[in-house]
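Now for the letters of each chain:
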Amino acid sequence: MSETVTLAKALTLGLRRALEDDPKVLVMGEDVGKLGGVFRVTDGLQKEFGESRVFDTPLAESGIVGTAVGLAMRGYRPVVEIQFDGFVFPAFDQIVSQVAKMHARSRGDVPMPVVIRIPYGGGIGAVEHHSESPEAYFAHTPGLRVVTPSTPADAYWMIQQAVRCADPVVFLEPKRRYWEKAPVDTGGSAPGPLFAGRVARPGRDVTLACYGPMVRTCLDAAAAAQQEGHDLEVLDLRSLSPLDLDLVTESVERTHRLVVVHEAPVFLGLGAEIAARVQECCFYALEAPVLRVGGYHAPYPPSRLEEHFLPDLDRVLDAVDRVLAH
Amino acid sequence: MSETVTLAKALTLGLRRALEDDPKVLVMGEDVGKLGGVFRVTDGLQKEFGESRVFDTPLAESGIVGTAVGLAMRGYRPVVEIQFDGFVFPAFDQIVSQVAKMHARSRGDVPMPVVIRIPYGGGIGAVEHHSESPEAYFAHTPGLRVVTPSTPADAYWMIQQAVRCADPVVFLEPKRRYWEKAPVDTGGSAPGPLFAGRVARPGRDVTLACYGPMVRTCLDAAAAAQQEGHDLEVLDLRSLSPLDLDLVTESVERTHRLVVVHEAPVFLGLGAEIAARVQECCFYALEAPVLRVGGYHAPYPPSRLEEHFLPDLDRVLDAVDRVLAH
Amino acid sequence: MRADIPAEPGTPAELVQLLTPEGERVHHPDYDLTLADDEYRSLFRDLVLVRRVDVEATALQRQGELGLWASLLGQEAAQVGSGRALQPDDFCFPTYREHGVAFTRGVDPLQLLALFRGVSNGGWDPHEHNFALYTIVIGNQCLHAVGYAMGVQRDQADTAVIAYFGDGASSQGDVNESFIWAAVFDAPVVFFCQNNQWAISEPLEKQTRIPLYRRAAGFGFPGVRVDGNDVLAVLAVTRAHLQRAREGGGPSLIEAFTYRMGAHTTSDDPTRYRLASDLEAWKLKDPVERLRSFLWRQQLADQAFFDGVDAEAEALAVRLRDGCRSLPDPTPEQIFDQVYAEPHPLVAQERAELTAYLASFEEGHR
Amino acid sequence: MRADIPAEPGTPAELVQLLTPEGERVHHPDYDLTLADDEYRSLFRDLVLVRRVDVEATALQRQGELGLWASLLGQEAAQVGSGRALQPDDFCFPTYREHGVAFTRGVDPLQLLALFRGVSNGGWDPHEHNFALYTIVIGNQCLHAVGYAMGVQRDQADTAVIAYFGDGASSQGDVNESFIWAAVFDAPVVFFCQNNQWAISEPLEKQTRIPLYRRAAGFGFPGVRVDGNDVLAVLAVTRAHLQRAREGGGPSLIEAFTYRMGAHTTSDDPTRYRLASDLEAWKLKDPVERLRSFLWRQQLADQAFFDGVDAEAEALAVRLRDGCRSLPDPTPEQIFDQVYAEPHPLVAQERAELTAYLASFEEGHR
Ligand SMILES: Cc1ncc(C[n+]2csc(CCOP(=O)(O)OP(=O)(O)O)c2C)c(N)n1
Ligand SMILES: Cc1ncc(C[n+]2csc(CCOP(=O)(O)OP(=O)(O)O)c2C)c(N)n1
Ligand SMILES: [Mg+2]
Ligand SMILES: [Mg+2]
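Residues numbered from 1 in each chain as written. Chains lettered and ligands numbered in written order. Predicted model: local features only at pLDDT ≥ 70, side-chain atom pairs only at ≥ 80, totals over all residues. Heavy atoms only, no water.

A. Quick look at the coordination of the magnesium ion (ligand 4). All names here are of chain D. Taken together, the protein ligands of the magnesium ion (ligand 4) are D167 (OD), N196 (OD1) and W198 (O), with distances of 2.0 to 2.1 Å. Sequence spacing of the donors to the magnesium ion (ligand 4): D-x28-N-x1-W. Here D167 is found in the loop between β3 (161-166) and α7 (173-185), whereas its partner N196 is found in the loop between β4 (189-195) and β5 (198-199), with 29 residues between them in sequence. The same class applies to D167 and to N196, which are both buried. (Donors = N, O, S within 2.8 Å, 3.2 Å for Na, K, Ca; no water. Helix = DSSP H or I, 4+ residues; strand = E, 2+ residues; numbered from the N terminus. Buried < 20%, exposed > 50% of the residue type's maximum accessible area, 1.4 Å probe, protein only.)

B. Quick peek at the sheet that holds strand β3 (residues 161-166) of chain C. Residue and element names in this part refer to chain C. Spatially, the 6 strands line up as an open sheet ordered β1-β7-β8-β4-β3-β2, and their pairing is parallel. Two strands close off the open sheet at either side, each with one partner strand: β1 (15-16) and β2 (91-93). When strand β4 (residues 189-195) meets strand β8 (residues 252-257), the two strands line up parallel, connected through 6 bridges. Note that in β8 the partner of Q194 across the bridge is A256. (Pairing = 2+ DSSP bridges.)

C. Here's a closer look at the domain arrangement of chain A. Residues and elements named next belong to chain A. According to the domain assignment, chain A contains domain 1 (2-185) and domain 2 (198-324). Domain 1 and domain 2 are separated by 26 Å when their C-alpha centres are compared. Counting residues at the interface gives 28 residues for domain 1 and 24 residues for domain 2. Summing both sides of the interface, domain 1 and domain 2 together bury roughly 1,900 Å²; the carbon and sulfur share of this comes to 50%. Going through the elements one at a time, α6 (135-139), β6 (145-147), α7 (152-164) and β7 (169-174) are the ones with two or more residues in the side of domain 1 that touches domain 2. (Domains from an automatic or database assignment. Contact = heavy atoms within 4.5 Å. Buried area = accessible area lost by both parts, 1.4 Å probe.)

D. Spotlight on the site of ligand 1. What surrounds ligand 1 is a group of 20 residues, the closest being E61(B), Y96(C), R97(C), D167(C) and W198(C). Mapping the residues near ligand 1 onto chains gives chains B and C. Residue D167(C) places a side-chain N or O atom 2.7 Å away from an oxygen atom belonging to ligand 1. Between ligand 1 and the protein, one listed contact pairs an oxygen atom with a backbone N or O atom of A169(C) at 2.9 Å. (Near = heavy atom within 4 Å. Polar contact = N/O pair within 3.5 Å; in protein donor to acceptor, adjacent residues only side chain to side chain.)

E. A look at the relation of the copies chain B and chain A. Screw-axis analysis of chain B against chain A gives a translation of 0.0 Å along the axis, an RMSD of 0.0 Å, and a rotation angle of 180 degrees. A rotation of that kind, with that shift, is consistent with a two-fold axis. A symmetric contact is evident, with 100% of the interface residues of chain B recurring at the interface of chain A. (Least-squares fit on C-alpha atoms with pLDDT ≥ 70 in both.)

F. Seen up close, the site of ligand 2. E61(A), Y96(D), R97(D), D167(D) and G168(D) are the nearest of the 20 residues found near ligand 2. Here E61(A) contributes a side-chain N or O atom positioned 2.5 Å from a nitrogen atom of ligand 2. The separation between an oxygen atom of ligand 2 and a polar main-chain atom of A169(D) is 2.9 Å. Out of a free accessible area of 580 Å², ligand 2 has 95% covered by protein chains. Residues of the shell around ligand 2, tallied by class, amount to 10 nonpolar, 6 polar and 4 charged. (Areas by Shrake-Rupley, 256 points an atom, 1.4 Å probe, with all protein chains shown as cover. Nonpolar A, V, L, I, M, F, W, Y, C, P; charged D, E, K, R; others polar.)

G. Geometry of the packing of helix α1 (residues 7-21) of chain B against helix α7 (residues 152-164) of chain B. Residues and elements named next belong to chain B. At a minimum axis distance of 8 Å, the contact between α1 and α7 shows a crossing angle of 30 degrees. In terms of their interaxial angle, α1 and α7 are classed as roughly parallel. As for the relative orientation of α1 and α7, their crossing is right-handed in sense. Contacts from L7, A10, L11, L13, G14, L15, R17, A18 and D21 of α1 reach α7 at P152, A155, Y156, W157, I159, Q160, V163 and R164. Taken together, the residues of the contact of α1 with α7 sort by class into 12 nonpolar, 2 polar and 3 charged. (Axes fitted to C-alpha atoms, helices over the stretch in contact; angles between N-to-C directions. Parallel < 35°, antiparallel > 145°, perpendicular 65-115°, else oblique. Left-handed = near helix turned anticlockwise from the far one by under 90°.)

H. Quick peek at the interface of chain B and chain C. At the interface, 39 residues of chain B touch 45 residues of chain C. For the pairing of chain B and chain C, the buried interface totals around 3,500 Å² over both sides, and the portion due to carbon and sulfur atoms is 58%. When the buried area of chain B at its contact with chain C is split by residue, L59(B), H297(B) and R304(B) rank highest and sum to 22% of it. At the junction of chain B and chain C, the tally comes to 2 salt bridges. (Salt bridge = Lys/Arg side-chain N within 4 Å of Asp/Glu carboxyl O.)

I. Representation of the packing of aromatic side chains in the model. Tallied over the full model, the rule gives 85 aromatic pairs over all chains. Ring centres 5.9 Å apart and planes at 40 degrees place the aromatic pair F257(C) and W282(C) in the tilted group. Remark: W282(C) occurs in helix α10 (residues 276-283) and F257(C) occurs in strand β8; sequence separation between them is 25 residues. Put simply, the rings of F165(C), F179(C), F191(C), F219(C), F221(C), F165(D), F179(D), F191(D), F219(D) and F221(D) touch in pairs and so form one group of aromatic residues. The positively charged end of R154(C) is found above the aromatic ring belonging to F55(A), 4.5 Å away from the centroid. (Phe/Tyr/Trp six-rings, centres within 6.5 Å; stacked < 30°, edge-to-face > 60°. Lys NZ or Arg CZ within 6 Å of the ring centre and 35° of its normal.)

J. Structural view of the confidence of the model for chain C. Summary statistics for chain C give a mean pLDDT of 95 and a share of 96% for residues scoring 70 or more. Predicted complex, confidence summary: ipTM 0.98, pTM 0.98. (pLDDT = per-residue confidence, 0-100.)

K. Broad picture of the sheet that holds β7(A). Residues and elements named next belong to chain A. Strand order in the open sheet formed by 7 strands is β3-β2-β4-β5-β7-β6-β12, with mixed pairing between adjacent strands. Since the sheet does not close on itself, it has two edges, and those belong to β3 (54-56) and β12 (239-241), each with one partner. Here the strands of the sheet are splayed against their neighbours by 20 degrees on average, with no regard to which way each runs. Across 5 bridges, the pairing between strand β2 (residues 25-29) and strand β4 (residues 77-81) is parallel. Pairing of V25 across the sheet is with R77, part of β4.

L. The pattern of salt bridges, seen in detail. Residues and elements named next belong to chain D. Across all of its chains, the model carries 98 salt bridges over all chains by this definition. The partner of R51 in a salt bridge is E76, and the shortest N-O contact between them spans 2.8 Å. Of this pair, R51 sits in helix α1 (residues 37-62) while E76 sits in helix α2 (residues 76-85), and the two are 25 residues apart along the sequence. Using a relative accessible area of 18% as the deciding quantity, one classes R51 as buried.

M. Spatial organisation of the coordination of the magnesium ion (ligand 3). All names here are of chain C. Surrounding the magnesium ion (ligand 3) are the protein donor atoms D167 (OD), N196 (OD1) and W198 (O), which sit 2.0 to 2.1 Å from the metal. Counting the intervening residues between successive donors of the magnesium ion (ligand 3) yields the motif D-x28-N-x1-W. Of this pair, D167 sits in the loop between β3 and α7 (173-185) while W198 sits in strand β5 (residues 198-199), and the two are 31 residues apart along the sequence. Here the two residues D167 and W198 agree in accessibility, since each one is buried.

N. Examining the side chain of H99(C) more closely. Residues and elements named next belong to chain C. Secondary-structure assignment places H99 in helix α3 (residues 99-104). Owing to a relative accessible area of 4%, H99 belongs among the buried residues under this scheme. If we skip the residues at most four places from it in the chain, H99 touches D54, W69, A70, L72, Q79, L112, F116 and Y134.

O. Just the domain arrangement of chain C, in detail. What the domain assignment lists for chain C is domain 1 (37-330) and domain 2 (334-364). The centre of domain 1 of chain C, based on its C-alpha atoms, is set 38 Å off from the matching centre of domain 2 of chain C.

P. Layout of the interface of chain B and chain A. Across the contact, 52 residues belong to chain B and 52 residues belong to chain A. Sorting the residues of chain B by area buried against chain A places H140(B), F267(B) and L268(B) first, and these three jointly supply 18% of that buried surface. Joining chain B to chain A, the criterion identifies 6 salt bridges. Summed over the shared surface of chain B and chain A, the number is 18 residue pairs in polar contact (both at pLDDT 80 or more). Counting residues per element, the side of chain B that touches chain A draws most heavily on helix α10 (residues 270-281) of chain B, which supplies 8 residues.

Q. Region of the structure containing the side chain of R215(C). Following the sequence through the fold, R215(C) ends up in helix α8 (residues 215-219). In this structure R215(C) is buried but unpaired, with E255(C) as the nearest side chain of opposite charge at 9.7 Å. In this view, R215(C) contacts S170(C), N176(C), F179(C), Q207(C), T208(C), L253(C), I180(D), G218(D) and F219(D); residues no more than four positions away in its chain are not counted. (Lys, Arg positive; Asp, Glu negative; His and termini not counted.)

Here it is as structure tokens:
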């Protein structure tokens, strides 16, 4: 049962299966009903599962997440859609003060199986507040889990695993990759655990750790580097919290060089944590400092500048050159 | 003109002087008027400067910060008080989407000289949501500046400098140190720039980088280590964004060993960024990995457990032993 | 101060009252209540016990046994009246001051003390009592209540939900959003605002310029103001609105007009911001004395009954005092135990590190 | 759909109208307007020019010159009427769709195109036009408006503030908090809700079950519903409420009842969620045609005038088309230029790194 679908469509299929598998699963958010979401990820779901399971909400993100908390307390498994990355902040309080803490404060009596879907990142020529990469805020928050797929197959399986997870999952969707197609085997069950990374491309000389939208960029960089005789290993982290550190250290022990790539500003971005852990775990294995390629310490610029803001193949290779120069 | 005052009182004096110096300065927040704030930091200010300059607001943090934005656009310099760290999150959207971006998006036409005061951190035996250390969220946000004093003298001067700064400043007040006393010279002008760290204690063997409430803890640790023959240098970072990286690297070039200490969870806390930068800048100078001592990846626990959650002298010394063992 | 917030609770038409401050039974055209004699007595018993819990907890805080206490003094009728209006299946979302409601839901007051002592961030199983954990971040719980009520709708259950909040909380975005959601989805929820007229040091006019119950009309559902110191009126009004919710009538807002007789919490000093005379005036409206007078007047109770209740209160106080002191401290490992429902490698690692670190002291390595 | 949201704008008593859809002048007991003949004509001119800007921008987006455009089609009267009610000193807080208001404030439409083309996140100096930057995060600007109005109070200035928002935005916490603040501080602000009946694909009943103007009463200030397709009524009502604010009368809410004739933005496809017949019905209420009929009927304008306006519109369109294409792209260094007002070492470092990196290409190092 293999279909070639876009990442967005893979999410639709995954959500549909999650709705089929468990009558307690709900899909809610702005415009997720008739419209099927501004990216059509929930397309057709309301028609199939009815307005009580797939429904439009008032335009208020704190309300979306706050009512999802209540629904979860009543035994439902809400999958909420935040329309764009920049609009998750009105819900930030409910996420960090309630969603993240409920299980701990209730000593396990009140689980929070809530999935918060957020299309994130830049690269689509959008206006302000539509290209943010807020993952570090969530990854720094104990009690949350944060994952992000980079391929249609991962999108299909990871969304289902996120829905089944007993903990709250911030599910980041790389919106500039929504339209990329690849075959997805929809039969059987998930090929691996949700909270583990994967080797997207094995290599020997330098490790590139990345996730979400940057996986494609790093694979392209690796292909280009190949021409110049450098064999790069690309790790798709998939899970940002928990972080699959073993995958990274195992790779670095072999390559001795690491570059972390993400769109979010470098300062206190995920790369900071990865660099901090790797320099601790692989102190003697590293032959060069861990380098980071990411967004600048500036608000996301107007779209005509985004190509300069976003890490691209050249900037990744520039960092690769620098770690290799050591 | 030297007075021995508590850190809280030093803030009051600093705020009073800021109000005196500039008629555009306003102080606003919950209970800041008659009550003088729950920690009495604004004590007496409403009486002295009137209800139009020092005023109580409705109980809504997004409203507090959002109206401060409007007041700033009208030419005022609002100093807003968030009652406790855990209550800044309802204002998070206004802070990251508006306060942080306004200057950039208006290409300098609309400055945002807003100070957001937040008593933060644990150690006072408080109930939930009253002991958070949210600094990393703000430091990761381009457009904001984040500072935190650790002594009455710094409190007195830094608050005035923050008010005068043309950029928005998140001003974090180490609440467990509010009652610590020290002499403050209130004459003249600020002894140094706002966005620079300082050597709180010079030393040769290991560098401890810390800020806010942990400065006292690290100084105590250094005193204890002295007994065992270890000479620790303690850096009080004071400014978390921008970070005074030169201060840290200069120290590490001498000591070759660094431990970063903060209350916030280690994962993506400030220590991550410092470790990432130092391993890059001081790759060959480091004789041990940068270690971090901080909060755990868990919601702040009930207060009877906070002594185990918060880094203390012993945990700092344990890390010092570990970097020295390399 | 704004001219249009009445300092007095309002015109008789505006304020639902069934028992005058003197303990006289009055009638109201829209709300009435008929109780059996022992129900009146049992309400009185709850008021007294709840007050006793509060007094004892305040004392325990003074003795250093609790880190903090948020007193409900003066709000017993608002809490017991509304709490007793609930059916067992109804679900309740409290703030941090609903000790009286907790009592009516069968939560052991000792569990409240555990929270304020700092041995727990929760204290009871919400599902056991249909009573959510206390919520400290002002307003958050109102959205939870609406979400829960939306779940009730999906379950087609005969259940209502009640959301407690304060006059100060009425200013929060979350509370107003919860009104919108409840209206749009016609959720079976009763918003119960205890207007005790203070948000720490801020008087009501810092939050609104008209009576709070009128907020509801702007969102398209009914609002009513009840005398919050009149347990009978609160019971009657809450019962009616819960029943309305259960029958598909949608949300409503009850404003219980009352007064915070004590400090905001044990950390607060109200002499800095309010007049002693205000307090004196409100003492005349005491919710417990009001029902006591009624019981006497109507000869529904005798001295033996009152003595019995007092003795029960005293026994409860003793149990709390002893129980509080012997509440076990949590173990350090509990920091990590329930952060996640499923395994998490970082938490596991940090837990192991802390255990090893603590062991290193015990083994005398330090 | 809830029965109590009228599909029609409301009873005549509820909806302020001064010009019928047929262009007939009617009177209203509370609001009236007397304009000089050239003022009528000038309003018409604005409506036509604003519509032309919108049509041109939509075309430019189709041609790939803009990343996005949010059309105001159908809302010209609501925007021109309210914008023209403002005094020069009054300050205005728009959403992202207030192109018509921007026009009345003297913002060059080219600056709007710059924003949607992605060469700027702002586009004009708010202080030059007393017109804030567009706000995309729904509802944020309403609090800014109240804050600004609180500043006006402190300056004792004879100035009013207007905050624009949509029907969807009425659900946001920020918007409701702004009502509370405005009421409590009696701020000189007019909340101007353009109820175009849609929030992207969501119809009004997903946000409220009663007409939005009634929300205001729940917060203690007046609310009024005006025919948003009637430029005269909008002008009259907005003028009156701005004046009230300037005179210390405090906040009010105007709901301009209108209809989004186009898609939400150029990315949207309204055929997925609404009926073509709805649109047809609203075409009969077109704001531009309505005033045109009035001018004809009253012989306030002749063909030469109408031709002149059309020519002016065409010239504007040409200027925009050419101007848009030749808007210079920002330089990469502008990413860093204004992040902070004062020097920031990390920004300076990253700026230098990017410059060096870009130079390495130019020098042919790659
Ligand atoms: C979001 C948030 N902001 C601030 C606080 C601090 N705080 C605790 S109680 C309180 C006043 C609450 O007043 P009200 O809602 O009237 O309830 P009451 O305490 O009177 O029962 C404040 C400001 C908080 N807990 N949460
Ligand atoms: C906080 C936030 N959430 C979601 C969005 C995405 N969004 C943009 S416009 C819109 C609908 C707005 O509807 P309304 O307020 O009625 O204004 P209109 O677009 O009709 O003018 C939405 C959901 C946003 N911009 N901000
Ligand atoms: Mg109160
Ligand atoms: Mg709309």
